[in-house]
Amino acid sequence: MATPTAEKRKSPNSLNTSSKSSATDQGSSYTVSMAIKFFKNDFSNRKVRGNAALILAIQQVELTAKREGLTAKDISQLLDVAASSKFSDSISSRLIKSLLPSDKIPQEAVVKAVSWMCTNKPSNEIQGLLLKWMILTYDLLDGSDDLHALYGILFHFVENDVLCPQVCHLLYLLTRKEDVLAFRVHRLLSLQKRVGVQPHITGLLSVYKMYRPHLVSLVAPPTQRVYFRLTVKAWSAEVDKVKERLRNREEGSEAAALERLHGPAQESTQKSKKKKLEVIPKVSSSLMSQDGSGDAGYQLPGSRQGKVPLQHIKTFEDLLKNMNRLELPGQIAAVLESPYLQHAICCHSEQHTVQRLSFWLYQFLHQELLDNSSDGPNSRAERLLQTLINFTDFLHEDVPVCENFLVKYLHTWNGSDYRPYILRLITRFRIYPFQKLNDLILEPLRSLFFCSSVFFKCQIIYTLTELLRNYVSIELPRHTDTICTQAVKDASEIQHIGDSLPAQTQVSVFEVRVDNFQALHTIQELTTYVDRISGLGLIIEKDNVLLMHYVLEFFELISCLHLRYGVPFAYVPSSGTFYRALFASNAMSCSRLCKIICNYKDAFQALKKMVSNEESDLLFTNIMRDGIQLLNQYILDMSNALWRNKAFLHSNKTVVFDIPVTTLQTTGVKHINEAFSIHLHMAMLPFACSFLKQTQPKGKKVHPSLIRSSERDTYLDFLKRERLDGIVSFINTFIKRNVIHPTPQKQSSK
């Protein structure tokens, strides 16, 4: 026994007496096994300063952990060294941060860490690092049942003021419904009374309230908050690299297996697998681990526990038959990529399940986009945002915590990072009173609108158009139904007849209480807001054609609100926007404006019938009356300018053409009343010349003035073939005329 002890003692002494340069020379042949032997040796020199052997050993462990990870045996041994307080806390903390696995972390390692914490040998600092290590590597464990069995032991550490934040975070991850007991709730509430309201205690209580709301009298904050902040970003980044490495290894092994089975033709499948969202956990079930892996224990009619894991669902028919017995995964975030789980949540949305998903989403979004905003965009956040967009499109509603996150993010957003994803999420925003909506999203967007390029202005106008479309098609009916449902529910609670009432139809997956306000007023104010910034944007960008396209697209939607979506509302564009489109140098803008005016005529006719048959809000009656007067003025101006050649004759009945005669004479333009006709308008000149070249003899000099009254009907047919249908529809709708066919005219002249 004496010989090996002497040998073990000799090695560190020789290393310690050597210089740092000799230690570096030995580093090429120095392995992590040798480093672990050094740490385990009771006779090793534990002095930190000037100890070359210790420096070499700790550097070798850190290098191996970051490069390829440590084996399960190495992690267990180094954990014993770090938690036993053999070395100083500075060395122990470096060892704990180096416990990065090469594959999976065995549960016995975390159980051993909790056991060391119960001995009180490690200091509070080391115990806190052990808890942070368990939290960061929670997704890398080969299971959580053994750690969950220690839930009661971990709960006792909440009394430690230093360890309480980390303990609450770990319990937050481990908590199941059976863990929520009355004495634990009372203990947390008494702790909160002693130390004050702390986010980590509130976070754990919120999970308890999610599972058993009758035990926790916790008032939820008006907006979701981050309960557990990431304070070890460098360490977390190393853990993320390990997860990425393990994911790539799994994909490589799956691709190799597919290639052995099906040959190299599965290359496209391999590429599609690489596009998977690695931040979304895979679906896992405790029943699968009990029954066996894979389909070995596959019995769809049910298991001995009466639950069916999602892995057993093969078809949509299986999902329908086992909807009430479907076991949700431990990682609820898997819902974001599982169509079966999405259907299950829509049909049976238990609020504790929805809140689990909300907690995970808000924590991850805050961590990736707010905490790491200085690092710039990253692929993990982009993939999560795209998956979240797909999820909201499936639900046809926004996730409330996503709205709360957007409100915070927009006030610090530079308008560039994640732009397509952020703007797409805004289009799903729920309807609020306009003043609140303006403070939450419109004001940040307005600030970016006036200091950005024309392309970003177009994107904002398009986003607001889609937001309005979402309001009138989905959010407005949902708001009305939700108000009715809340009124019935409140009445039943007051009269204590809730059990005798029939079950109400579920309006939303998320249980969100909405305010009773005039949602139609929000649509009116939002339309006015977009009209104003559109006019200013056109002035700034000098009537850019692309921006004009998106502005007209917005008013095309407004003109069809009543006829297409049944919304009793119509808003006529302001004169600044209208006349800029009328005098645009692009013929398509003029044509689309004419079609919009035709749509308004049909909308106002339908609204007049509705107002005469029903009692309508006086406010909207006045708005409609003002809109009709403005629309009539626009129709008169367009008719005089495009067809009647009387643009400046009736200056007292117009706004834009109200120019003194003396001023018109100074322009020197002949036949100025015809300057904006369908053949002399600046945007229509190319079409007029093309029409004359097709209809006049070859070699004849042509001028748009050759299109006389007798040929204008043929010219209109030509414009229709050129897809300028809006101008033709406007003239046929608002101008009474006798259609003169050119063929009989030629015969009569003969």
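These numbers were taken from a predicted model, which means no experiment stands behind them.

Caption draft 1: Fine view of the environment of Lys-314. Take Lys-314: it is sitting in the loop between strand S1 (308-309) and helix H17 (316-321). By relative accessible area, Lys-314 is classed as partly exposed at 42%. Here the alpha-carbon distance between Lys-314 and Tyr-340, two residues 26 residues apart in the chain, equals 9.6 Å.

Caption draft 2: Spatial organisation of helix H18 (residues 339-347). Those residues of H18 that fall on the buried side of the exposure criterion are Leu-341, Gln-342, Ala-344 and Ile-345. End-on view of H18: buried residues confined to an arc of 160°, all on one side of the axis. Buried residues along H18 sit in contact with strand S2 (326-327), helix H19 (351-371) and helix H20 (379-395).

Caption draft 3: Main features of the packing of helix H32 (residues 685-695) against helix H33 (residues 712-721). Viewed as axis vectors pointing N to C, H32 and H33 meet at an angle of 110°, and their least axial separation amounts to 11 Å. Classified by the angle their axes make, H32 and H33 are roughly perpendicular. Crossing geometry of H32 relative to H33 is assigned as right-handed. When H32 is examined against H33, the residues Phe-687, Ala-688, Ser-690, Phe-691 and Gln-694 are found in contact with a partner set consisting of Thr-714, Tyr-715, Phe-718 and Leu-719. Here the residues of the contact of H32 with H33 are counted per class, giving six nonpolar, three polar and no charged.

Caption draft 4: A look at the packing of aromatic side chains. Applying the stated criterion to the full structure yields 23 aromatic pairs. Here Phe-429 and Tyr-432 contribute two aromatic rings whose centre-to-centre distance is 5.7 Å and whose plane-to-plane angle is 55°, an arrangement assigned as tilted. Among the residues examined, Phe-429 registers a relative accessible area of 1% and is labelled buried. Above the plane of the ring of Phe-155 lies Arg-184, whose end atom (NZ or CZ) is 5.7 Å from the centre. The lysine or arginine in question, Arg-712, covers the ring of Trp-643, its NZ or CZ lying 3.8 Å from the ring centre.

What counts as what
- Residues numbered from 1 in each chain as written.
- Predicted model: local features only at pLDDT ≥ 70, side-chain atom pairs only at ≥ 80, totals over all residues.
- Heavy atoms only, no water.
- Helix = DSSP H or I, 4+ residues; strand = E, 2+ residues; numbered from the N terminus.
- Buried < 20%, exposed > 50% of the residue type's maximum accessible area, 1.4 Å probe, protein only.
- Arc of directions from axis to C-beta.
- Contact = heavy atoms within 4.5 Å.
- Axes fitted to C-alpha atoms, helices over the stretch in contact; angles between N-to-C directions.
- Parallel < 35°, antiparallel > 145°, perpendicular 65-115°, else oblique.
- Left-handed = near helix turned anticlockwise from the far one by under 90°.
- Nonpolar A, V, L, I, M, F, W, Y, C, P; charged D, E, K, R; others polar.
- Phe/Tyr/Trp six-rings, centres within 6.5 Å; stacked < 30°, edge-to-face > 60°.
- Lys NZ or Arg CZ within 6 Å of the ring centre and 35° of its normal.

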